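Understanding the architecture of this molecule
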Amino acid sequence: METIRIALYGVGAMGARIGRSLLKKEGVEVVGAIDVDESKIGKDLGEALDINRLLDVKVADDPDDVLSKANVDVVIHSTQSYLRQAYPQIASAINHQANVISTCEELSYPYIAEPELAHRLDELARNNGVTVLGTGINPGFLMDTLVITFTCVCTRIDQIRVMRVMNAATRREPFQRKIGAGLTVDEFNERLRVEAITGHVGLAESASMIANALKWKLDRIDVQPITPVIAQVPVESQVIKVETGQVAGLHQSVKCIKDGKEVITLDFQAYLGAEEEYDAITINGVPNITEKIAPCIHGDHGTVAIVVNSIPKVINAPPGLMTMKDMPVPSAVTEDMRAYLD
Ligand SMILES: NC(=O)c1ccc[n+]([C@@H]2O[C@H](COP(=O)([O-])OP(=O)(O)OC[C@H]3O[C@@H](n4cnc5c(N)ncnc54)[C@H](OP(=O)(O)O)[C@@H]3O)[C@@H](O)[C@H]2O)c1
């Protein structure tokens, strides 16, 4: 059969990494690229991906123009974190009968922040016969799908606690910026207040996905205030220098309360210079489970992988809006991508 045709919607740090990864895969080709960044529009995609060859695909800012000409099977969408902003972009892809895999964090489980938009996306996707999936390393896997998977070996669950601690110095620049690395504490607090930095988006989505998989009716989800992690010694990455006393990153958590008890806790720490990096899942129940992945899974590599590996599963899936908990068990694509199609 013909190759699977992909368009990149967003050719930033993530989109470019995903694009480079796709070029190494068999059975798939990148046939379109959309971005609003002036520095990329009109460039050959090969230049935008910073590879030493041209791909004969121009980066363009008009999604309708790109998608009406390119006959795309799957749009890989990686532009923004909030569904309200990303909605029109995803809707335009669906209207061109393209399946969508997006790294938009709120789309990973949109029923809490944007139930109305989730409903509209589901309806639009069904009407156009395509599938929409929000995924990524986190949200999308480490603090939700993986946790849900572990619950399958429990007959009773009293409490779930998940921790992710990462050294942000090894992550892409937009991530280091959005956790406030290099700011003073006052600047950090002010930028949080005016939403110029967001911190990690998706903890409430991950917690809700776990609760929904277990059919737990929560009293409430308490999203704790984001707090800065202050550098005790100077630390630096390739792009940011942090002096002692400045912000190295942040600490965030959510707690889910059910019948008056804390039943799910997700704790996320990302800062430059974190000495021990790990992902830890603890389930108190029958049996107890304690799982620690150290060092933690690299977020950027992991996101590229889970997005690319989701392509055949999304093509195979029934139409509509899906979350990772609705999809088959995630797995890698190591052979020609077409071998995984039903
Ligand atoms: N779920 C996960 O695990 C996960 C993992 C990684 C990333 N993410 C999320 O994925 C998104 C992309 O990440 P990133 O690091 O690649 O960000 P980035 O480097 O800022 O790239 C985003 C690109 O999309 C462009 N863009 C913005 N609005 C657009 C629009 N309306 N139409 C077309 N292009 C548009 C941006 O252009 P401008 O720069 O001109 O705005 C930029 O070139 C972020 O929201 C990030 O938080 C999620």
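Presented here is an overview of the structure given in this document.

Cut-offs and rules
Residues numbered from 1 in each chain as written. Predicted model: local features only at pLDDT ≥ 70, side-chain atom pairs only at ≥ 80, totals over all residues. Heavy atoms only, no water. Helix = DSSP H or I, 4+ residues; strand = E, 2+ residues; numbered from the N terminus. Contact = heavy atoms within 4.5 Å. Phe/Tyr/Trp six-rings, centres within 6.5 Å; stacked < 30°, edge-to-face > 60°. Buried < 20%, exposed > 50% of the residue type's maximum accessible area, 1.4 Å probe, protein only. Expected span 1.5 Å × (residues − 1). Near = heavy atom within 4 Å. Polar contact = N/O pair within 3.5 Å; in protein donor to acceptor, adjacent residues only side chain to side chain. Areas by Shrake-Rupley, 256 points an atom, 1.4 Å probe, with all protein chains shown as cover. Nonpolar A, V, L, I, M, F, W, Y, C, P; charged D, E, K, R; others polar. Pairing = 2+ DSSP bridges. Axes fitted to C-alpha atoms, helices over the stretch in contact; angles between N-to-C directions.

**Regarding the environment of Val-130**
In this structure, Val-130 sits in the loop between α5 (115-128) and β6 (131-134). Sequence-distant contacts of Val-130, that is, excluding residues within four places in its chain, are made with Ile-94, Gln-97, Ala-98, Asn-99, Ala-125, Pro-319 and Gly-320.

**Quick look at the packing of aromatic side chains**
Any pair of aromatic rings gets described here by the distance separating the centres and the angle formed by the planes. According to the stated counting rule, one finds one aromatic pair in the structure shown. Relative to Tyr-111, the ring of Tyr-109 lies with its centre 5.0 Å away and its plane at 75°, an arrangement referred to as edge-to-face. Under the relative-accessibility criterion, Tyr-109 is labelled buried at 6%. Here Tyr-111 falls in the partly exposed class, since its relative accessible area comes to 34%.

**Observations concerning α5**
The terminal C-alpha atoms of α5 lie 20 Å apart, and with 14 residues this matches the ideal 20 Å at 1.5 Å per residue to within 8%. Among the residues of α5, those classed as buried are Leu-117, Ala-118, Leu-121, Asp-122, Leu-124, Ala-125 and Asn-128. Looking at the packing, one finds that the buried side of α5 touches α4 (83-95), β6 and β16 (320-322). The positive-phi residue at the C-terminal boundary of α5 is Gly-129, with phi of around 70°.

**Regarding unusual backbone geometry**
Note the cis peptide between Asn-138 and Pro-139, where omega equals 5°. Along the chain, Ala-294 connects to Pro-295 via a cis peptide bond; the corresponding omega equals -5°. On the secondary structure map, Pro-295 appears in the loop between β15 (289-293) and α10 (299-309). Here the phi dihedral of Asp-56 falls at roughly 60°; this positive angle occurs in a residue that is not glycine.

**Let's talk about the site of the ligand**
Not every one of the 25 residues close to the ligand is listed here, only the nearest: Met-14, Thr-103, Glu-105, Arg-172 and Lys-178. A distance of 2.8 Å is found between an oxygen atom of the ligand and a side-chain nitrogen or oxygen belonging to Asp-35. For the ligand, an oxygen atom lies 2.6 Å from a polar atom in the side chain of Glu-105. For the ligand, the protein covers 80% of the area, taking 910 Å² as the surface of the free molecule. At the level of secondary structure, the elements contributing two or more residues to the shell around the ligand comprise α1 (13-23) and α7 (173-178). The class makeup of the residues in the shell around the ligand is seven nonpolar, twelve polar and six charged.

**Some words on the sheet that holds β6**
With parallel pairing, the seven strands of this open sheet are ordered in space as β3-β2-β1-β4-β5-β6-β16. In this open sheet, the two edge strands, each paired with only one partner strand, are β3 (59-60) and β16. In this sheet, strand β2 (residues 28-34) lies alongside strand β1 (residues 4-9) in parallel orientation, the contact comprising six bridges. Across the sheet, residue Arg-5 finds its bridge partner in β2, namely Glu-29. Lying over the sheet, helix α3 (residues 63-70) contacts β1, β2, β3 and β4 (74-77), oriented at roughly 155° with respect to β2.

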